[in-house]
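Summary of the model geometry
One letter stands for each residue in the lines below.
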Amino acid sequence: MKANGDLRNRRSFADYIDDRPERGIFRVDRSIYNDPEILEAEYRNIFEANWVFLCHESFVRNPGDFFATHIGRQPAFVVRKADGSLGCYLNACGHRGATLVTARIGNTSQFVCPYHGFCFDTGGKCIAVTAPRTGWSEQRLDLTEFDLTPIARLDSYRGLVFGSLNADVPTLREHLGAACALIDIWVAPAPQELEIVAGFSIYETACNWKIMHENGPDAYHAPVVHNNFAQAVTYREKRETRAGVTKTDTGRLIGRIESASYDLGNGHTAFWHKRRDPEAFPIYAQRDELSKRFTPGQMEWIMGRGRHMTIFPNLLMNDLASTHLRTYRPIAVDRMETIIWCIAPAGEPKEMRAARLRKFEDFFLPSGMATPDDVAVAESAQKASFAFDSKWTNMGRGAEFRVDGPDAAARELGMSPKASTNSWDHEVSMQGVYRRWLELMERGEERRRG
Amino acid sequence: MADSVSSAAVAEFLYREARLLDTRKFGEWLEMFTDDAVFWVPAVGMDRAYTTDPETSLNFIYISGRAGLEARVFRVESGGSLASNPLPHTRHLVTNVLIDSDGPSALQASANTQVVAFCEPRGQQILTASCEYVLRKESGSLRIARKKVMLLEYVIDGYFDFFTI
């Protein structure tokens, strides 16, 4: 189905982005949210042609540990091989293509296809077939014909595992770029390592994946959409006494606070806001120990600033209401799947862990007191994207406050963003998302045309 | 409990809870809970098993103390939550009610529920669960000291809240 009548006249993906920095104009054609052909091109040129987040290394710690996921449309699984290195293979039997790994997570010494019983080792090699002698002559049976298909690139940074179906990509370190400095302080406060807390959530939202991806760097909505969250916890805290880490800092939702946002380059974004009540956060209990290991500038980031980061196209980490890691993928032009985990320093005291979890459940998840409102807004924007006669979505806010390179706070962290602005509610970082989107879409189509 | 409670009385109590939710008498629904009530909806782990320890693992909802439930009611009635405005209408179907154990001060009961929720923007949502209750008598009336809801459909389409499960 053609979503918009003028699709046949499409000349290039650049027609969907109205980017005039000299006038501070940045607009996106809303048909990119509802055009199935655009989604096909995004699968091809973004999700299946560049680095995407796959999982955390703790999911695949020991030989034989595996985790099943998707890269764009393509089912894949990550596995810790017998030699201790990581592998990632498309999740399709090399024989007749049944789904090989049906559990989400597990451990095995070999993968046995549920269809015809073909066996594969953790290195993706076919090691046995059912009834070999009665189906092939000894000369003709070549098990390597059935080997699993590895993905082109696989690497990890600080425990975050990424993969690419396309070999022609920069190194993961280059891809993450300025985001590395932020990832470092997320992981570093953990006395041992970052832990993905047990229990997770999967939810499906009736919107294009980009609408929710935009909602990440969009702090402008928070005091509007989540005002009711602030009111509800304020109501609760009038009715029961809460102190220290069981309190909720709603300062970011009810009034102006110091903040900044960043275009990190490569489509990645970040923002921070000053915490009004640092004692309400579990990490505060570790401040003495951490101050021995970190500079005052880093300590300000770790203790004093709520932080948010998106890695294009499918990873979000934040430490706002609680500490969280989220990945997502489009499953149709108007439907996406989100998987969300709570992250925490491994080995933190039990009361800190419990407080972290309660804060997480308060705000996030499809059953929280904030995420449902984000979902409702995203789904309403999806419906409104069909208002073709009002076709531009406007992302110009804060353009005149943009400065190239780092601001003072970024310099404290040793972070080198492409651009900074002096408020978390600016839309400048989203412009970076769509400039990257356009770059990858155009590059992919050029490659296709040869 | 000392003056024993019949399973028919427990079933009627749970039907009344369901009707209060369906008729949006959330204030009266809150009165069915003890002050120290626990309202618990476990999440699942990646092994697809329900999480068992709220102190160390994630839940959809874990509320200890009625004030937390009151805040949820406050939020959905505030009009400020887009997800709750319009508030979905619900029909709670409660079945398979059993008293699992009857102690000196509390009894444990279980039930299966299926809740059909409908609102115009999102259409119909069906969530199915097995529920475990701890019920206590306070000044002659049964009260919910603990309600645990184990959702069958843990991959959530959209969102849910205390009144749609």
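Residues numbered from 1 in each chain as written. Chains lettered and ligands numbered in written order. Predicted model: local features only at pLDDT ≥ 70, side-chain atom pairs only at ≥ 80, totals over all residues.

1. Examining the overall build of chain B
- Summing up its helical and strand segments, chain B has 3 helices and 7 strands in all.
- For chain B, the succession of helices and strands along the chain, N to C, is α-α-β-β-α-β-β-β-β-β.
- Its C-alpha radius of gyration of 16 Å places chain B within 12% of the 15 Å reference for a compact globule of 165 residues.
- In terms of its C-alpha atoms, chain B occupies a principal-axis envelope of roughly 50 × 35 × 30 Å.
- Contacts in chain B between residues far apart in sequence, at least 24 positions, make up 56% of those at least 6 positions apart. (Helix = DSSP H or I, 4+ residues; strand = E, 2+ residues; numbered from the N terminus. Rg over C-alpha atoms; globule rule 2.2 N^0.38 Å. Contact = placed C-beta atoms within 7 Å.)

2. Focus: the pairing of strand S17 (residues 305-311) of chain A
Residue and element names in this part refer to chain A.
- Most of S17 is tucked away, with 6 of its 7 residues classed as buried.
- Direction of pairing for strand S16 (residues 268-274) relative to S17: antiparallel, over a ladder of 6 bridges. Across the sheet, Thr269 pairs through a bridge with Thr310, a residue of S17.
- Two strands pair when backbone bridges link them, and S17 and strand S18 (residues 315-319) are joined in this way by 5 bridges, in the antiparallel orientation. For Met309, the partnering residue across the bridge sits in S18 and is Met317.
- Hairpin connection from S17 to S18: 3 residues lie between these consecutive antiparallel strands. (Buried ≥ 20, exposed ≤ 12 C-beta atoms within 10 Å, placed from the backbone. Pairing = 2+ DSSP bridges.)

3. So, the nonpolar core
- Counting 166 residues, the largest nonpolar core has Phe77, Val78 and Val197 of chain A together with Leu135 of chain B as its most contacted members.
- Of all the elements, helix H12 (residues 428-449) of chain A adds the most residues to this core, at 7 residues.
- Split by domain, the residues of this core number at least three in each of domain 1 (52-156) and domain 2 (172-449) of chain A. (Core = buried A, V, L, I, M, F, W, Y, C linked by C-beta atoms within 7 Å. Domains from an automatic or database assignment.)

4. So, the confidence of the model for chain A
- Here chain A averages 94 in pLDDT, while 97% of its residues score no lower than 70.
- Contacts of residues 1-8 of chain A to residues separated by more than four positions or lying in other chains number 10 contacts, the stretch itself having pLDDT below 50. (pLDDT = per-residue confidence, 0-100.)

5. Let's talk about the domain arrangement of chain A
Residues and elements named next belong to chain A.
- In terms of domains, chain A is made up of domain 1 (52-156) and domain 2 (172-449).
- Residue contributions to the side of domain 1 that touches domain 2 peak at 3 residues, all from strand S3 (residues 52-56).
- Of the residues assigned to the side of domain 1 that touches domain 2, the class counts are 2 nonpolar, 3 polar and 1 charged. (Nonpolar A, V, L, I, M, F, W, Y, C, P; charged D, E, K, R; others polar.)

6. Observations concerning the packing of helix H1 (residues 36-47) of chain A against H12 of chain A
Residues and elements named next belong to chain A.
- Where H1 meets H12, the axes come as close as 8 Å, and the angle between the chain directions of the two elements is 90°. Comparing their axes, H12 and H1 come out roughly perpendicular. Contact residues: Ala41, Arg44, Asn45 and Ile46 in H1; Leu440, Met441, Gly444 and Glu445 in H12.
- For the contact of H1 with H12, the per-class residue count stands at 4 nonpolar, 2 polar and 2 charged. (Axes fitted to C-alpha atoms, helices over the stretch in contact; angles between N-to-C directions. Parallel < 35°, antiparallel > 145°, perpendicular 65-115°, else oblique.)

7. Here we look at the interface of chain B and chain A
- Of the residues lining the interface, 35 residues belong to chain B; the matching set on chain A comes to 38 residues.
- Sorting the residues of the side of chain B that touches chain A by element identifies strand S2 (59-64), helix H3 (66-77) and strand S7 (155-157) of chain B as the ones contributing at least two each.
- Of the residues assigned to the side of chain B that touches chain A, the class counts are 17 nonpolar, 11 polar and 7 charged.
- Relative to S7 of chain B, strand S14 (residues 201-205) of chain A runs parallel, the two sharing 3 bridges. Among the inter-strand pairings, Ile202 of chain A is bridged to a residue of S7 of chain B, identified as Val155 of chain B.

8. Looking at the sheet that holds strand S4 (residues 65-71) of chain A
Residue and element names in this part refer to chain A.
- A sheet is described by the order of its strands in space; here 4 strands give the open sequence S6-S5-S4-S7, paired in antiparallel fashion. Every interior strand has two partners, whereas the edge strands, strand S6 (86-90) and strand S7 (105-107), have only one. Ignoring strand direction, the axes of neighbouring strands in this sheet form an average angle of 25°.

9. Re the environment of Gly199 of chain A
- Structurally, Gly199 of chain A is set in the loop between strand S13 (194-196) and S14.
- With residues up to four places along the chain from it excluded, the contact list for Gly199 of chain A reads Ala43, Val44, Gly45, Thr51, Ser57, Leu58 and Asn59 of chain B.

10. Thoughts on the packing of helix H6 (residues 227-239) of chain A against H3 of chain B
- Two numbers describe how H6 of chain A lies on H3 of chain B: the axes approach to 8 Å, and their chain directions differ by 145°. Note on packing geometry: the crossing formed by H6 of chain A with H3 of chain B is right-handed. Seen from H6 of chain A, the contacting residues are Asn228, Ala232, Val233, Tyr235, Arg236 and Arg239 of chain A; seen from H3 of chain B, they are Ala67, Gly68, Glu70, Ala71, Phe74 and Arg75 of chain B.
- Grouping the amino acids of the contact of H6 of chain A with H3 of chain B by side-chain chemistry returns 6 nonpolar, 2 polar and 4 charged. (Left-handed = near helix turned anticlockwise from the far one by under 90°.)

11. Some words on the sheet that holds strand S8 (residues 110-112) of chain A
All names here are of chain A.
- Judged by pairing direction, the sheet is antiparallel, and its 3 strands sit side by side in the order S8-S9-S10 without closing on themselves. Looking at which strands have only one partner, the edges of the open sheet turn out to be S8 and strand S10 (126-128). Put simply, the sheet's adjacent strands are angled 35° from each other on average, direction ignored.
- Both S8 and strand S9 (residues 119-121) contribute to a ladder of 3 bridges, which runs antiparallel. Across the sheet, residue Gln110 finds its bridge partner in S9, namely Asp121.

12. Describing the confidence of the model for chain B
- Per-residue pLDDT for chain B averages 96, and the proportion of residues at 70 or more is 99%.
- Interface confidence for the predicted complex, given as ipTM, is 0.97, next to a pTM of 0.95.

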